[in-house]
Amino acid sequence: MRIGDFRASYRHDEALFATPVQRLWFALFVLGLLLFPWLGGSYLTYLACLTGIHVVAATGLNIITGYAGLISLGHAAFMGVGCYMMAALASLGVPFWLALPAAGAASAAVGVFVGLPSLRIKGLYLAVATLAAQFLLGFVFREWDAGTGGVRGVNVPAASLGGIVLSDDARIYYLIMACAVALALAARNLFRTRIGRAFIAIRDKDISAEVLGIDLFRTKLLAFAIGSFYAGVAGALMGYFFRAITPEHFGLALSIFYLAAIIVGGLGTLLGTVLGAAFMTLVPEALRGGVALLSAWWPNAMALLSPVREMVFGALIIAFLVYEPHGLVEAWRRVRRFFHLWPFKT
Amino acid sequence: MDWNAFAEFSLIGLLSGGLLALVALGFVLIYKGTRVVNFAMGEFMMLGAYGVYTAHVMWGLPLVLAIPIALAGVAGAALLVERFVLRPLAGQPVISVLMATIGLGAVMHGGIDAVWGGQNLEMPQILPRKPLMLGDIMIPGTALWSFVLALAVIAALTLYFRYSRTGVAMRAAASDPITAYALGIDVRRTQQLTWVFAGCVGAVAGVIVASMSSLSPAIGGVALGVLAVIILGGLDSIAGAIIAGLIIGWLESVCVGYFGGKARDVVPYAVVLAILMLRPYGLLGSRDIERL
Amino acid sequence: MTRRRSIVQSAAGLAGLSALGVPLATALAQEGDLVIGAAPPITGVFAFAGVSLDQGLGDYCSWRNESKGGVMGRRLRYVSEDSGYKMDQAMAVFKKLMAAHKPPAFYGDSTAWAKAAAAEVSQLGSTITCSPSYSSDLADPAKAPYYFMAGPTYAAMIQILLEYINRISKAGKPNIAIVYSDTEFGRDPIPAAKAHLAKLGLNLVQEIVTKPGSVDVSAEVAKLRRAKPDYVIFHGYVLAPIPEFIRQMREAGMGATTFMGTIWSMDKSTADAMGATGDGWMGVMPYRYSHDHKDAPMMGVMRDYAQKKRQIAYVNTFYTHGWLVGMIFSEVLERTLKARKPLNGPNMKAALESITDWDTGGICGLLVSLKGHQIPSGRIYRYDAASKLFEPASGWIRTA
């Protein structure tokens, strides 16, 4: 138990940042995010933008899979829906602060539709259904030339706020980070409410939840809707970031990437999502650095980078599942617990 | 309506369905034995094909030796997988095991890519190529013989499970592990054997696929299309896998014939969604009864 | 519990250490070098093409440094990283190399990448780019100002084939079928090809699309066979599934059908892989082949260098392409530097467009003019299974 941390009211107990120390850390974190483009340089800013997008999408997937227990292998396709919707709106001149929610809404609608089978099936079968949806949506992306530009893809005009055009990595970074922080806090808040607890109840034992009066079908569809909303916003942000979108961006590999991110990070925790997304984005970069180092001795090392990256990805998933099933969050909590009573042993 | 064209597409489809049934058999074996859907099946297929390539083309051994050596290699890999990936995760929730097989697939795919490279390699000709002409209809030799081979393997396995001691023990352990333990069957051994069989079935399928076209890491993609077969047939039914394989093979071929190659992208997954909505356990699958 | 912790800790430590490799690698660079960045598809579907491309481009840079001291006294430095033929990976490599080195020249990995990066390249205005793509959209100096291609467009290549078919078919309208892959690369020239086919009055009897990476094409071949084409044009493939198509068609008794392809399927390794069925395989190639260096001094130089450096006896078309791209990059850099202009997009574009009647040392048969950001010439070759070589089946044709 933490010393001196007394919760005197329910409100205090449920607060997102209950102690002054937590508030301070969060303020420092936000300050760090604001200053990052100046301190980090252009390539690190690029990576940070990518991480921010991944955090938003992974949060959505964690809501569906981690909190509500519905395995979804089609998350990348929902991102694609959001992205193409945003592209269509942006080409009509709709500003980003309207296009992003609209993209999320479109994605939520598709997510609800894909989640309809959850009425009859669950677990593995639902996973396969979402996998089928992923491929079918991918087919639509590739073939519907009028709507999505087909295999050629679409070019997205840069987002603009007032007169400022967000054409630079450093500028779009702020948009992405603002969305990521806002949506992450919203997700954390969701699980203080009745809806969030209903999701957790469904994950634990859905038949019991139904007995307790939770409308299973509506709640499951709501989980899909909210999670897909996040995916849609992430996809739209990806569109503003890459500016040239093709269906290849939203394939099965990305869905699996997000599943891996939330498992490595920790299913059902928000900090886990952030840690997992950051970890999975940065590991390939560290790997590239390592292989570049190796190529001083072994000239052909760089040619093996792609296969080695894939092997490391798979090995990480298996290693975390076997050795650290609760993810990076659990490792982080162990470290924190160690320091709570330091120098006394726990 | 050109009946000859329809007959040709149908026949080719049914024959390729035999191969799909073989791969589906690999999935069904593992699901029956260990309640795991093995998303790494495509990679086992690749391993078998690359194994035969290495033994026959790179080391120069005759096919009669190369194929058993490759199968032995795949069996060894399956044993390692069962011991180090699946056994530690026994009893874990579905998502963990699913992601573990996906991760396993990534490791194997990356490993094969690293060792053999990503380019197309020419497999030796294992199946006779002479086509069968039925009037106007041409059946490619490879399609015909792949069907025959697949059917032979399926028949052999079915007979094994029906009549041999170990086969019956595997079926017993699959249907009720606790009772099987009580009767003295080593359930852990049967699970290892299940993985070995599934791996070898995948390897044979991989060799057939590779010799029909060319050897490349793309072979693993066939396994995703087989998902439709196992969903249609039922995740734990061998007979279902065979029937569903033929149906899906026929459907895919006819759709390609009339709508073009893009149908291969749509047909399997549309079937999956339809089946899951209408009859989730497939044609012959057994219902999951959940108890509180 | 302690063992698990130590494993995780040591893994984290290793990961942290390996991240140090990045600044170390860049520290070994030298000032004043002209960096040529590249994201070739060294792994993935087009791996064997990508590996040779990478070698060709890199070898040209080293040869140029060794024999001529670089470009205007500045050494060429070739920095490449695998793209795996995946668009997002190629973009990541592009962004990384641009951030780290700001190369004045960059070589991408595919049609998809080139089209996607076109907007960013235009906006950056600092780099001239090329890639294995010969898409017609990219040969437009207005839409893609900083892109060039080392050959004619895919549409122009198919046009050459159609004109050839039209010329040699004396009796009646020949039946033509087009087989292409369902990728950006494959679909690019098809509308223009169909239009030109109609213009020439030829008969399109079948249009077959295959899924990229598909292994079982029996149904597609059955469909093709039923259309009974006299000529089949393949586009969008490097090797598979062409051999399977040809083998099955020949086994079905269609020995009279001629099979043709476009540049990327015209390599000797592709044709060799087809064995006896490859006899008569035809297609368009903008370059000479490695064995044809009688009147082509640069082909000989390239061969000797490849032999010396990599013990390669026969230089394939992808290596030739890489070498030629290196030549063009160097020529553009040299002309810009000679005019004492800063190395930016507009100046290099002007330098590129000033390349007219340029002698490529025999790699291309005619003198090259890059005013339209492409090399609008090529030759039709036919593969002879007996000698295992491609022999010219026409003279050098100008397409634009």
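Computed from a prediction, not measured in an experiment: that's the story for all the values here.

1. Considerations on the overall build of chain A
- Per the secondary structure count, chain A includes 15 helices and four strands.
- In terms of overall dimensions, chain A is globule-like: its C-alpha atoms have a radius of gyration of 21 Å, near the 20 Å expected for 346 residues.
- Seen through its principal axes, chain A has C-alpha atoms that stretch 60 × 60 × 45 Å.
- Each of the 346 residues in chain A was classed as buried or not, and the buried ones make up 53%.

2. Here we look at the overall build of chain B
- When helices and strands are counted, chain B shows 11 helices and two strands.
- Walking chain B from its N terminus toward its C terminus, one meets helices and strands in the order α-α-α-α-β-β-α-α-α-α-α-α-α.
- Relative to its length of 292 residues, chain B is compact, with a C-alpha radius of gyration of 19 Å against a globular reference of 19 Å.
- Dimensions along the principal axes, computed over C-alpha positions, put chain B at roughly 60 × 50 × 35 Å.
- A burial count over chain B gives 58% of its 292 residues as buried.

3. Some thoughts on the interface of chain A and chain B
- The interface of chain A with chain B comprises 37 residues on the first partner and 35 residues on the second.
- Going through the elements one at a time, α6 (124-143), α10 (206-211), α12 (252-265) and α14 (305-323) of chain A are the ones with two or more residues in the side of chain A that touches chain B.

4. Notes on the interface of chain A and chain C
- Between chain A and chain C, the contact holds 27 residues from the first and 33 residues from the second.
- Where the side of chain A that touches chain C is concerned, the elements lending two or more residues are α3 (42-67), α13 (270-294) and α14 of chain A.
- At five residues, the largest contribution of residues to the side of chain A that touches chain C is made by α13(A).
- A class-by-class count of the residues in the side of chain A that touches chain C yields 14 nonpolar, nine polar and four charged.

5. Thoughts on the sheet that holds strand β2 (residues 76-80) of chain C
Residues and elements named next belong to chain C.
- Strand order across the open sheet formed by four strands is β2-β1-β3-β4, with parallel pairing between neighbours. The strands lining the two open edges of the sheet, one partner per strand, are β2 and β4 (128-130). Direction aside, the axes of adjacent strands within the sheet are offset by 20° on average.
- As paired elements, strand β1 (residues 34-38) and strand β3 (residues 105-107) share three bridges and run parallel to each other. Each residue of the ladder has a partner; that of Ile-36, found in β3, is Ala-105.
- Along the sheet face, helix α4 (residues 87-101) touches β1, β2 and β3 and points at about 170° away from the line of β1.

6. Considering helix α4 (residues 75-91) of chain A
Residues and elements named next belong to chain A.
- The end-to-end C-alpha distance of α4, which contains 17 residues, comes to 25 Å, matching closely the 24 Å that a straight helix rising 1.5 Å per residue would cover.
- The buried count for α4 comes to 14 of 17 residues, which makes it a mostly enclosed element.
- Looking one or two residues beyond α4, the residue adopting positive phi is Gly-93, at roughly 95°.

7. A few points about the packing of α3(A) against helix α11 (residues 216-242) of chain A
Residue and element names in this part refer to chain A.
- For the pair α3 and α11, interaxial distance at closest approach is 7 Å and the crossing angle is 165°. Viewed along their axes, α3 and α11 adopt a mutual orientation that is roughly antiparallel. Relative to α11, the crossing made by α3 is left-handed.
- A breakdown of the residues in the contact of α3 with α11 according to their chemical character gives 18 nonpolar, four polar and no charged.

8. What to know about the nonpolar core
- Ala24(B), Met45(B) and Val272(B) are the most contacted members of the largest nonpolar core, which has 357 residues in total.
- For this core, the two domains that each supply at least three residues are domain 1 (31-152 + 295-369) and domain 2 (154-285 + 380-398) of chain C.

9. Considering the environment of Ala76(A)
All names here are of chain A.
- Residue placement: Ala-76 occurs in helix α4.
- Distance in space between the C-alpha atoms of Ala-76 and Phe-257 is 9.2 Å, their sequence separation being 181 residues.
- Excluding residues within four positions of it along the chain, Ala-76 makes contact with Gln-134, Phe-250, Gly-251, Leu-254 and Ser-255.

10. Observations concerning the pairing of strand β10 (residues 377-384) of chain C
Residue and element names in this part refer to chain C.
- Burial analysis of β10 places six of its eight residues in the buried class, which makes it a mostly covered element.
- As paired strands, strand β9 (residues 282-285) and β10 are joined by four bridges and run antiparallel to one another. Residue pairing in the sheet places Met-282 in a bridge with Arg-382 of β10.
- Bridge count for β10 against strand β12 (residues 397-398) is two bridges, and the pairing is antiparallel. If you follow Gly-378 over to β12, its bridge partner there is Ile-397.

11. Some remarks on the environment of Gly44(C)
- With respect to the helices and strands, the residue Gly44(C) is situated in the loop between β1 and α3 (47-68).
- A tally of 22 C-beta atoms within 10 Å means that Gly44(C) is categorised as buried.
- The spacing of Gly44(C) and Tyr85(C) is 41 residues in sequence and 5.7 Å in space, taken between C-alpha atoms.
- Dropping the residues within four chain positions of it, Gly44(C) is found in contact with Gly118(B), Gly84(C), Tyr85(C) and Lys86(C).

12. Looking at unusual backbone geometry
Residues and elements named next belong to chain C.
- Although it is not a glycine, Met-72 sits at a positive phi angle of roughly 50°.
- Structurally, Met-72 is set in the loop between α3 and β2.
- Of the residues examined, Met-72 has 14 C-beta atoms within 10 Å and is grouped as partly exposed.
- You will see that Lys-388, though not glycine, has its phi angle at about 55°, which is positive.
- Lys-388 sits in the partly exposed class, given 15 other C-beta atoms within 10 Å.

13. Looking at helix α2 (residues 41-58) of chain B
All names here are of chain B.
- Given a rise of 1.5 Å per residue, 18 residues ought to cover 26 Å, and the 24 Å separating the end C-alpha atoms of α2 matches this to within 8%.
- The buried count for α2 comes to 15 of 18 residues, which makes it a mostly enclosed element.
- Gly-60 occupies a position one or two residues after α2 and carries a positive phi of about 75°.

14. Structural notes on the packing of α3(A) against α4(C)
- One way to put it is that α3(A) packs onto α4(C) with a least axis distance of 9 Å and a crossing angle of 155°. One way to sum up the angle between α3(A) and α4(C) is to call them roughly antiparallel. In this structure, α3(A) contributes Ser42(A), Tyr43(A) and Tyr46(A) to the contact, and α4(C) contributes Lys95(C), Lys96(C), Ala99(C) and Ala100(C).
- Here the residues of the contact of α3(A) with α4(C) are counted per class, giving four nonpolar, one polar and two charged.

15. A look at the confidence of the model for chain B
Residue and element names in this part refer to chain B.
- Averaged over every residue, the pLDDT of chain B is 89; residues scoring 70 or more account for 99%.
- Considering each helix and strand of chain B separately, the mean pLDDT is smallest for strand β1 (residues 132-134), with a value of 82, and largest for helix α3 (residues 63-86), with 93.
- Taken over the whole predicted complex, pTM reads 0.90, whereas the ipTM for its chain interfaces reads 0.91.

16. Remarks on the pairing of strand β5 (residues 175-181) of chain C
Residue and element names in this part refer to chain C.
- Across the seven residues that make up β5, a large majority, six, are buried.
- With seven bridges connecting them, β5 and strand β6 (residues 203-210) associate as parallel partners. Its bridge partner lying in β6, Ala-177 is registered against Gln-206.
- When β5 meets strand β7 (residues 231-235), the two strands line up parallel, connected through five bridges.

Calculation rules
Residues numbered from 1 in each chain as written. Chains lettered and ligands numbered in written order. Predicted model: local features only at pLDDT ≥ 70, side-chain atom pairs only at ≥ 80, totals over all residues. Helix = DSSP H or I, 4+ residues; strand = E, 2+ residues; numbered from the N terminus. Rg over C-alpha atoms; globule rule 2.2 N^0.38 Å. Buried ≥ 20, exposed ≤ 12 C-beta atoms within 10 Å, placed from the backbone. Contact = placed C-beta atoms within 7 Å. Nonpolar A, V, L, I, M, F, W, Y, C, P; charged D, E, K, R; others polar. Pairing = 2+ DSSP bridges. Axes fitted to C-alpha atoms, helices over the stretch in contact; angles between N-to-C directions. Expected span 1.5 Å × (residues − 1). Parallel < 35°, antiparallel > 145°, perpendicular 65-115°, else oblique. Left-handed = near helix turned anticlockwise from the far one by under 90°. Core = buried A, V, L, I, M, F, W, Y, C linked by C-beta atoms within 7 Å. Domains from an automatic or database assignment. pLDDT = per-residue confidence, 0-100.

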